[in-house]
Amino acid sequence: MTILPFFSVQEKHTDLVLFSSDRSGNSDIYLLSPKSPTPKQITYSDAEEWAATWVNSTEISFLRQKGKVITRHLINIETGIESVLQHPVNCRLDDKNILYSAEGNLQLYPCGGDIYLFNREDSSTLNLTEGISGTSSYPCLSFDGNQVTFTNNQSGSNDIYVMDLNSREMTQLTHFDSNEERGALSPNNELLVFSSDHFETGNQDIVIMNLETKELRNITSSLGTELIARWNSDGTSLYFGSNQAGNWEIYVYDLKDQSTQRLTFHDGFDGDPRILK
């Protein structure tokens, strides 16, 4: 795994990246921008904030915990104006937040071992995995908004599945005895990225699968753990979290030259990257 020096971050890092960090003493939301190597702090409360997701290009949603109470919030990253968001009617989110489609009409979230899709146009909530055995988690919308990937353990181990939102047809994408989770389709729907211990049992790496040839590529191969890989909007880069340096940091992988760049440098936790699509 090739790690490029930090001074080349402007060359390799070209996207807006939300992430969680405890560098201020508690968990807050930060923004990485290609315009500056220094992350911008978005939240400043004394509560714990995490699970930031993009609502649109200027607004984000996140979870905030004070004591045992977890609330959802919306904040404008330019003005800092904040408001409270409601939890889904059927679920109080306590770990993963709602994902928004590019048009903003669809909201995707996990709850109680199932995956739900809320449509703002008709205020309907659909249980996508109703009737599917096992536990379903880690949903992700495709870039075109027509498919959802998710993790399910009905086969006896975690595998990645994809569901077509128009036909509701489900397809199993991975068929290994190892642990495959947190899958995401590339913008052209030709590649699948996911976290897996396929190459070393008990050690999660970031793996890319060519959906036509089924060829696997381990892009990390480190002694640490790698999780939560996210595509950028043109499919040329992948952002992910890794503790290979001894603590959790954010890295970016360039698919063209197959090089990896470390983006954050902090003794605490930096993780859960979310890319503006």
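Because the structure is predicted, anything quoted here is derived from the model rather than measured.

As for the state of the cysteines
Summed over all chains, the structure comprises 1 disulfide. Between the sulfur atoms of Cys91 and its disulfide mate Cys111 the distance is 2.3 Å. In this structure the cystine formed by Cys91 and Cys111 twists about its S-S bond by roughly 105°; its chirality is therefore right-handed. Remark: Cys111 occurs in strand 10 (residues 106-111) and Cys91 occurs in the loop between strand 8 (82-85) and strand 9 (99-100); sequence separation between them is 20 residues. Take Cys91: its relative accessible area is 12%, and that puts it in the buried class. Its sulfur unpaired, Cys140 is 18 Å from the next cysteine sulfur, which belongs to Cys91. By relative accessible area, which is 14% here, Cys140 ends up buried.

Digging into the sheet that holds strand 17 (residues 180-185)
Paired through backbone hydrogen bonds, the strands of a sheet run either parallel or antiparallel to each other. Here 4 strands make up an open sheet; going across it, the order is 17-18-19-20 and the pairing antiparallel. Across the chains shown, the open sheet's two edge strands, defined by having one partner strand only, are strand 17 and strand 20 (216-218). Between one strand and the next, the sheet's axes are offset by a mean angle of 25°, whatever the strand orientation. Direction of pairing for strand 17 relative to strand 18 (residues 191-196): antiparallel, over a ladder of 4 bridges. Directly across from Glu180, in strand 18, lies its bridge partner Ser196.

Topic: the packing of aromatic side chains
Scanning all chains against the criterion turns up 4 aromatic pairs. Between Phe240 and Tyr251 the ring centres are 5.7 Å apart and the planes differ by 15°, which places this aromatic pair in the stacked class. Linking Phe240 in strand 22 (residues 237-242) with Tyr251 in strand 23 (residues 249-254), this pair joins segments that are 11 residues apart in sequence. Take Phe240: its relative accessible area is 0%, and that puts it in the buried class.

A few points about the side chain of Glu249
Examined against the element boundaries, Glu249 turns out to sit in strand 23. A relative accessible area of 0% places Glu249 in the buried class. Within polar-contact distance, the side chain of Glu249 engages the side chain of Asn247 at 2.6 Å. Of the polar contacts made by the side chain of Glu249, one reaches the backbone nitrogen of His266; its length is 3.1 Å. With sequence-adjacent residues up to four places away left out, Glu249 is seen in contact with Phe240, Gly241, Ser242, Arg262, Thr264, Phe265, His266, Gly268 and Asp270.

Structural notes on the pattern of salt bridges
The final tally for this structure, using the stated rule, is 6 salt bridges. The salt bridge involving Glu49 is made with Arg64; its shortest N-O contact spans 2.6 Å. Residue Glu49 is located in strand 5 (residues 48-54), and its partner Arg64 is located in strand 6 (residues 59-66); the two are separated by 15 residues in the primary sequence. No difference in accessibility class separates Glu49 from Arg64, as the two residues are buried.

A few points about the sheet that holds strand 25 (residues 270-275)
Taken in spatial order, the 4 strands make up an open sheet running 4-3-2-25, and their pairing is antiparallel. The outermost strands of the open sheet, each flanked by one partner alone, are strand 4 (36-41) and strand 25. Across the sheet, the mean angle separating the axes of adjacent strands is 30° when strand polarity is ignored. Pairing geometry for strand 2 (residues 17-21) and strand 25, over 4 bridges, is antiparallel. Looking at strand 25, one finds that Ser21 is bridged to Asp270.

Description of the confidence of the model for the protein chain
Should pLDDT be low for a region, the predicted coordinates there are not to be read in detail. For the protein chain, per-residue confidence averages 93 on the pLDDT scale, and residues scoring 70 or more make up 95% of the total. With pLDDT under 50 throughout, residues 1-11 is counted as low confidence; its partners more than four residues away or in other chains account for 29 contacts.

Rules used in this analysis
Residues numbered from 1 in each chain as written. Predicted model: local features only at pLDDT ≥ 70, side-chain atom pairs only at ≥ 80, totals over all residues. Heavy atoms only, no water. Disulfide = S-S within 2.5 Å. Helix = DSSP H or I, 4+ residues; strand = E, 2+ residues; numbered from the N terminus. Buried < 20%, exposed > 50% of the residue type's maximum accessible area, 1.4 Å probe, protein only. Pairing = 2+ DSSP bridges. Axes fitted to C-alpha atoms, helices over the stretch in contact; angles between N-to-C directions. Phe/Tyr/Trp six-rings, centres within 6.5 Å; stacked < 30°, edge-to-face > 60°. Polar contact = N/O pair within 3.5 Å; in protein donor to acceptor, adjacent residues only side chain to side chain. Contact = heavy atoms within 4.5 Å. Salt bridge = Lys/Arg side-chain N within 4 Å of Asp/Glu carboxyl O. pLDDT = per-residue confidence, 0-100.

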